[in-house]
Every structure is written in C-alpha cells, then in structure tokens.
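# Results of the structural survey
Read off the chains here:
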Amino acid sequence: MNRSVNRIAPLHAVQAYQTYSISQRPDVLVRAACQQVGCGAWMNGWESTIDETTAQGQAQAAYIRSHSGRTFREQRTAVGLTVFRFEPHQRCFAEHKTNPEVYGVRDGDWRGNPTGRVRQHQRPADWVEDFGEHQLRIADQQQKG
C-alpha cells in the first residue's frame, strides 16, 4: 500500500526550522540496568530458592552471601532449602539488553537539512531541556513580532 503524506505548506524557508526526534536503531542492543527496562525483580524484589545439599547450590549460596553485594534476608524452608529474599531497587542477577534511544536535533524540516548540522544528546533530560529552550525562543520571537 502506498500512502502519500499530507503536509501543511511551510510558512518559512527550510533554514528557519529545527527538527527534534527520538528514534531507535533496530539492529543495536546494549546492556541495560534493571530500572531502564522496567525489571519486575528490581521493582518488587525477588526470591531465590537454593538447594545447598548440591555442590552447585552451595556455590550459589556462597556467592550470594559473600560476593553478590545485594541486600537480602535468608530463611530455611521445612524441606531444608535456603530462600534468599532480595529487597527491591537493586540489580537482579539477569543480564538485560535494550535498544537505546537516539535523541536527535537537526537543522531544517522534512524538506532537508541545509546546514548539515546534526546533534545527538546523550541523556533524555538534555534533549528535553534543549527542546524546551527552543520552544521558549520561538515564543519570545512571536511576542516581539
């Protein structure tokens, strides 16, 4: 299906515009923190049940107690398993990956970028601040006439 784009005719030359965009590259995955990906274990805490009668279980429990760096409470079940209850808002043991967002600003509009200037913000907050300042400049110019 071929759909044409219906655009309002611009009032000014392409040089008078600036375009802000947020995009994701589908072919890029990066390691991400639990909080970034909305990890349920990070939000609510989690439990790990370990069978310390096995060599693997003993190694897992030793790692949790001595090297994990996480806050937890430890309990024994009636059948002799060890339950580690981890508090929320700390990194879980999973490796999360996500597609990073690209926060871009370029001169021009859909007709092109006459200067070739393109910027990429590293943090979403910086992009939002830049966008807000740009909106304020536009409002100031409109008030001045």
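Here is a short report on the structure shown in this document. None of the values given here were measured: they were computed from a predicted structure.

Conventions we followed
Residues numbered from 1 in each chain as written. Predicted model: local features only at pLDDT ≥ 70, side-chain atom pairs only at ≥ 80, totals over all residues. Heavy atoms only, no water. Helix = DSSP H or I, 4+ residues; strand = E, 2+ residues; numbered from the N terminus. Rg over C-alpha atoms; globule rule 2.2 N^0.38 Å. Buried < 20%, exposed > 50% of the residue type's maximum accessible area, 1.4 Å probe, protein only. Contact = heavy atoms within 4.5 Å. Areas by Shrake-Rupley, 256 points an atom, 1.4 Å probe, with all protein chains shown as cover. Lys, Arg positive; Asp, Glu negative; His and termini not counted. Charge placed at Lys NZ, Arg CZ, Asp CG, Glu CD. Pairing = 2+ DSSP bridges. Axes fitted to C-alpha atoms, helices over the stretch in contact; angles between N-to-C directions. 1 Å grid on protein atoms, 1.4 Å probe; cavity = no way out; pocket = protein on both sides within 12 Å on 5 of 7 lines; lining within 4 Å. Points joined across faces, edges and corners; volume = space filled by probe spheres on them. Nonpolar A, V, L, I, M, F, W, Y, C, P; charged D, E, K, R; others polar. Polar contact = N/O pair within 3.5 Å; in protein donor to acceptor, adjacent residues only side chain to side chain.

### Section: the overall build of the protein
Counting its secondary structure elements, the protein contains four helices and eight strands. Ordered by position from the N terminus, the helices and strands of the protein form the series β-β-α-α-β-α-β-β-β-β-β-α. Expected size for 145 residues packed as a compact globule is a radius of gyration near 15 Å; at 26 Å, the protein overshoots this value by more than 25%. Overall, the protein is about 75 × 40 × 25 Å in size when its C-alpha atoms are taken along their principal axes. Here the protein, with 145 residues, has 25% of them falling under the buried criterion. In the protein, once contacts between residues fewer than 6 apart in sequence are set aside, the share between residues at least 24 apart is 63%. Here the protein has roughly 10,800 Å² of accessible surface; of this, 50% comes from carbon and sulfur atoms. Between the centroid of the 18 positive side chains of the protein and the centroid of its 15 negative side chains there is a distance of 4 Å.

### Notes on the sheet that holds strand S1 (residues 18-24)
Pairing in this open sheet of three strands is antiparallel, and the strands run S1-S7-S8 from one edge to the other. Only two strands of the sheet have a single neighbouring strand rather than two, namely S1 and strand S8 (118-121). Neighbour to neighbour, the strand axes of the sheet diverge by 25° on average, direction disregarded. With seven bridges joining them, S1 and strand S7 (residues 101-107) adopt antiparallel strand pairing. Bridge pairing links Gln-18 to Asp-107 in S7.

### Here we look at the environment of Ala-62
Looking at the secondary structure, you find Ala-62 in helix H3 (residues 55-66). Along the sequence, Ala-62 and Glu-52 sit ten residues apart, while their C-alpha atoms lie 9.5 Å from each other.

### Remarks on the layout of surface pockets
Estimates place the volume of the largest pocket at around 350 Å³. Considering the residues around the largest pocket, the lining is formed by His-12, Ala-16, Tyr-17, Gln-18, Phe-131, His-134, Gln-135, Arg-137, Ile-138, Gln-141 and Gln-142. Per element, the largest residue contribution to the lining of the largest pocket is seven residues, and it comes from helix H4 (residues 124-144). Its residues placed into classes, the lining of the largest pocket shows four nonpolar, six polar and one charged. What the second largest pocket holds in volume is close to 220 Å³. Around the second largest pocket sit Val-30, Arg-31, Ala-32, Gln-36, Thr-98, Asn-99, Pro-100, Glu-101, Tyr-103, Gln-122 and Pro-124, which together line it. Among the elements of the structure, strand S2 (30-32) and S7 are those that each provide at least two residues to the lining of the second largest pocket. Sort the elements by how many residues they give to the lining of the second largest pocket and S2 lands first, with three residues.

### Observations regarding the side chain of Gln-18
Note that Gln-18 resides in strand S1. Within the structure, the side chain of Gln-18 is placed 3.3 Å from the side chain of Tyr-20, a separation counted as a polar contact. A polar contact is formed between the side chain of Gln-18 and the side chain of His-134, at a distance of 3.0 Å. Aside from chain neighbours lying at most four places away, what touches Gln-18 is Val-105, Arg-106, Asp-107, Gly-108, Arg-117, Arg-119, His-134 and Arg-137.

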